[in-house]
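So the chains spell out like this:
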Amino acid sequence: MEYSLCKSSWDEKEIGAIKEVIGSGMYTMGKYVAGYEKKFAQKIGSRYAVMVNSGSSANLIGIASLIYSGRINRGDEVVVPAVSWSTTYFPLSQFGLKLVFVDVDPETFNMDITKLQNVITDKTKLVVAVNLLGNANDFKQLSGICRKENIILMEDNCEAMGAVYDGKQLGTIGILGTFSTFFAHHLCTMEGGMVVTDNQELYEYMLCIRAHGWTRNLPLDSKIHVPCEDPFYEKFNFIVPGFNVRPLDMEGAVGLQQLDKLDDIIVNRRKNAQYIAGCLEDIPGIRLQKEVGQASWYGFGMVLEGVYASKRNNIVAELEEAGIETRPVVAGNFTRNKAIRYIDYSIPYPLDNADKIHNSGFYIGNHPVLINDMIDYYTDVLKKIMKGL
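Just so we're clear, the structure is a prediction, and the values are computed from it rather than from any experiment. (Residues numbered from 1 in each chain as written. Predicted model: local features only at pLDDT ≥ 70, side-chain atom pairs only at ≥ 80, totals over all residues. Heavy atoms only, no water.)

## Some remarks on the sheet that holds strand β2 (residues 77-81)
Neighbouring strands of a sheet are bound in pairs by backbone hydrogen bonds; such pairs are parallel or else antiparallel.
Okay, step 1: Judged by pairing direction, the sheet is mixed, and its eight strands sit side by side in the order β1-β9-β8-β5-β4-β2-β3-β12 without closing on themselves. Where the open sheet ends on each side, the last strands, each with one partner, are β1 (48-52) and β12 (345-346).
Okay, step 2: Looking at chain direction, strand β5 (residues 152-156) and strand β8 (residues 176-180) are connected through three bridges and run parallel. By the bridge assignment, D156 is partnered in β8 with T178.
Okay, step 3: Taken strand by strand, helix α6 (residues 139-149) contacts β4 (124-130) and β5, and its axis lies near 145° from that of β5. (Pairing = 2+ DSSP bridges. Helix = DSSP H or I, 4+ residues; strand = E, 2+ residues; numbered from the N terminus. Contact = heavy atoms within 4.5 Å. Axes fitted to C-alpha atoms, helices over the stretch in contact; angles between N-to-C directions.)

Set out below in structure tokens:
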């Protein structure tokens, strides 16, 4: 048996959607992307949604909108968890912000709220909360701190589509929420990402930033731009330094089909999580990521403990040999990556828990369908490996 990171959730509906776009002769961003954005916003419970070519680009245009709207400025400090994906951090650095890394909670893998409180200064203007591997932050405390300190809260929700905290969809708690629809994520549009917000001004900035910085895609009642008198010139009118991170209409068409499957996918992912939690209960030396709220379980993160803590590389090598795919817990302690040399950052306090995850953690995949047989196989192989160490 093999246990892959994920399986495709596509069927003839997604293939048919792609053929429909091909038949139209118009492949670039158009009516299908617009339809997907509208349907996505309604599904998530947000006022606006902007589709881009990746979750990384979603973070990029989200940060850019905060800069261009004047909500944050170059040189401001932004608090980030030490464990996340690289493009949580890179857009912040690329727009001249100083990153302040804080440690994570050893059980939830998300930002340690107590340590967050200790690093806030009068220069702190933004907190980026990462809902790691589909698991919510403690938003009751986190939102309260941000309100009290007048700090903007943004969610990197690229791994947590469909997760819920206190009745609210993750990604809609902060001023912006970003999503990824790359393969192995909850929905798959080939490449793709989304930003959601309730703020019209930020929405309009993102429409410009997504496509060169031009005004062409803005609504007639725009809050950020008054069209010039010459409609010909308005076709190529640029108001902010933008990018070209537009998606293809084929991706939008696929997204429309995928959204209809999201509820079932989340149910299956949660059932798989419940099953693996039961299977791991009687295996000493391994701890599954602790759930906060209703997680959507992108994957199953776990940390080895005790005598097994130093055996991670041996264990994952044997798992891979048995056909079980593994990955680090995202980028581990990101400050230990060489890319950190290009970033303006500080580490006010030791990142002990991030280091433990870096050295002793790994994750295996979750799937959009029930996988009890694969989980049983993983459990049996893991027990044999750990018994033999």
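## So, helix α1 (residues 12-24)
Okay, step 1: For α1, built from 13 residues, the straight-helix expectation of 18 Å at 1.5 Å per residue is met to within 8% by its first-to-last C-alpha distance of 18 Å.
Okay, step 2: When we look at burial in α1, the residues that qualify are E14, A17, I18 and V21. Down the axis of α1, the buried side of the element spans an arc of 95°, and every buried residue falls inside it. Across α1 from its buried face, at more than 90 degrees, point the exposed residues E12, K19 and G23.
Okay, step 3: Tucked inside the fold, the buried residues of α1 contact α2 (31-44) and α9 (249-259).
Okay, step 4: N-cap assignment for α1: the residue whose side-chain oxygen lies 2.8 Å from the backbone N of K13 is D11.
Okay, step 5: Phi turns positive, to about 80°, at G25, one or two residues after α1. (Expected span 1.5 Å × (residues − 1). Buried < 20%, exposed > 50% of the residue type's maximum accessible area, 1.4 Å probe, protein only. Arc of directions from axis to C-beta. Polar contact = N/O pair within 3.5 Å; in protein donor to acceptor, adjacent residues only side chain to side chain.)

## A few points about the pattern of salt bridges
Okay, step 1: Evaluation of the coordinates by the stated rule reveals 12 salt bridges.
Okay, step 2: Put simply, E305 and R287 hold a salt bridge, and the shortest N to O gap is 2.8 Å. One end of the pair, E305, is in the loop between β11 (299-304) and α11 (312-321); the other, R287, is in strand β10 (residues 286-288), with 18 residues separating them in the sequence.
Okay, step 3: According to the relative accessible area criterion, E305 is partly exposed, its value standing at 34%.
Okay, step 4: R336 is the salt-bridge partner of D355, the closest N and O atoms lying 3.2 Å from each other. Here D355, found in helix α12 (residues 352-360), pairs with R336, found in the loop between α11 and β12; they are 19 residues apart in sequence, far enough to count as distant.
Okay, step 5: Since its relative accessible area comes to 43%, R336 is described here as partly exposed.
Okay, step 6: Linked through salt bridges whose partners overlap, the residues forming this network are D11, E14 and K261. (Salt bridge = Lys/Arg side-chain N within 4 Å of Asp/Glu carboxyl O.)

## Here's the deal with the sheet that holds β10
Okay, step 1: Pairing within the open sheet is antiparallel, and its three strands lie in the order β10-β11-β13. Lying at the two open borders of the sheet, with one neighbouring strand each, are β10 and β13 (361-365). Between one strand axis and the next, the sheet turns through 30° on average, direction left out of account.
Okay, step 2: Sheet analysis places β10 next to β11, joined by three bridges and oriented antiparallel.

## A short note on the packing of helix α10 (residues 262-280) against helix α13 (residues 372-388)
A packed helix pair is summarised by two numbers, namely the angle formed by the two axes and the spacing between the axes.
Okay, step 1: Two elements in contact, α10 and α13, have axes separated by 10 Å at closest approach and are oriented at 25°. With respect to their mutual orientation, α10 and α13 come out roughly parallel. The handedness of the crossing between α10 and α13 is right-handed. Here α10 contributes N272, Y275, I276, C279 and L280 to the contact with α13, which in turn contributes N372, I375, D376, Y378, T379 and L382.
Okay, step 2: The class makeup of the residues in the contact of α10 with α13 is seven nonpolar, three polar and one charged. (Parallel < 35°, antiparallel > 145°, perpendicular 65-115°, else oblique. Left-handed = near helix turned anticlockwise from the far one by under 90°. Nonpolar A, V, L, I, M, F, W, Y, C, P; charged D, E, K, R; others polar.)

## A word on the environment of I276
Okay, step 1: Inspection of the secondary structure puts I276 in helix α10.
Okay, step 2: In this structure I276 comes out as buried when scored by relative accessible area, which is 0%.
Okay, step 3: Sequence-wise, I276 and N313 are 37 residues apart; in three dimensions their C-alpha atoms are separated by 21 Å.
Okay, step 4: With residues near it in sequence (within four places) discarded, I276 still touches L288, F300, I364, I375 and Y378.

## Some remarks on α9
Okay, step 1: With 10 of 11 residues buried, α9 is to be regarded as a mostly interior element.
Okay, step 2: Along α9, the positions that sit buried rather than exposed are D249, M250, E251, G252, A253, V254, G255, L256, Q258 and L259.
Okay, step 3: If you follow the buried residues of α9, they end up packed against α1, α2, β1 and α10.

## Description of the state of the cysteines
Okay, step 1: Enumeration over the complete set of coordinates arrives at zero disulfides.
Okay, step 2: Not engaged in a disulfide, the cysteine C146 finds its nearest cysteine sulfur in C158; these two sulfurs lie 19 Å apart.
Okay, step 3: On the basis of relative accessible area, C146 is assigned to the buried category, the value being 4%. (Disulfide = S-S within 2.5 Å.)

## Points about the packing of aromatic side chains
Okay, step 1: Inspection of every chain in the model, using the stated rule, returns 14 aromatic pairs.
Okay, step 2: With a centroid separation of 6.0 Å and 80° between ring planes, the pair formed by Y68 and F95 is classed as edge-to-face. In this pair, Y68 is assigned in helix α3 (residues 55-68) and F95 in the loop between α4 (86-94) and β3 (98-102), connecting sequence segments 27 residues apart. Neither residue differs from the other here; Y68 and F95 are each classed as buried.
Okay, step 3: For the ring pair F101 and Y345, a centre distance of 6.0 Å and an interplane angle of 80° mean the geometry is edge-to-face. Residue F101 is found in strand β3, and its partner Y345 is found in strand β12; the two are separated by 244 residues along the sequence.
Okay, step 4: Residue classification places F101 among the buried residues on the basis of a relative accessible area of 1%.
Okay, step 5: Taken together, the ring pairs connect Y89, F90, F101, F334 and Y345 into an aromatic cluster. (Phe/Tyr/Trp six-rings, centres within 6.5 Å; stacked < 30°, edge-to-face > 60°.)

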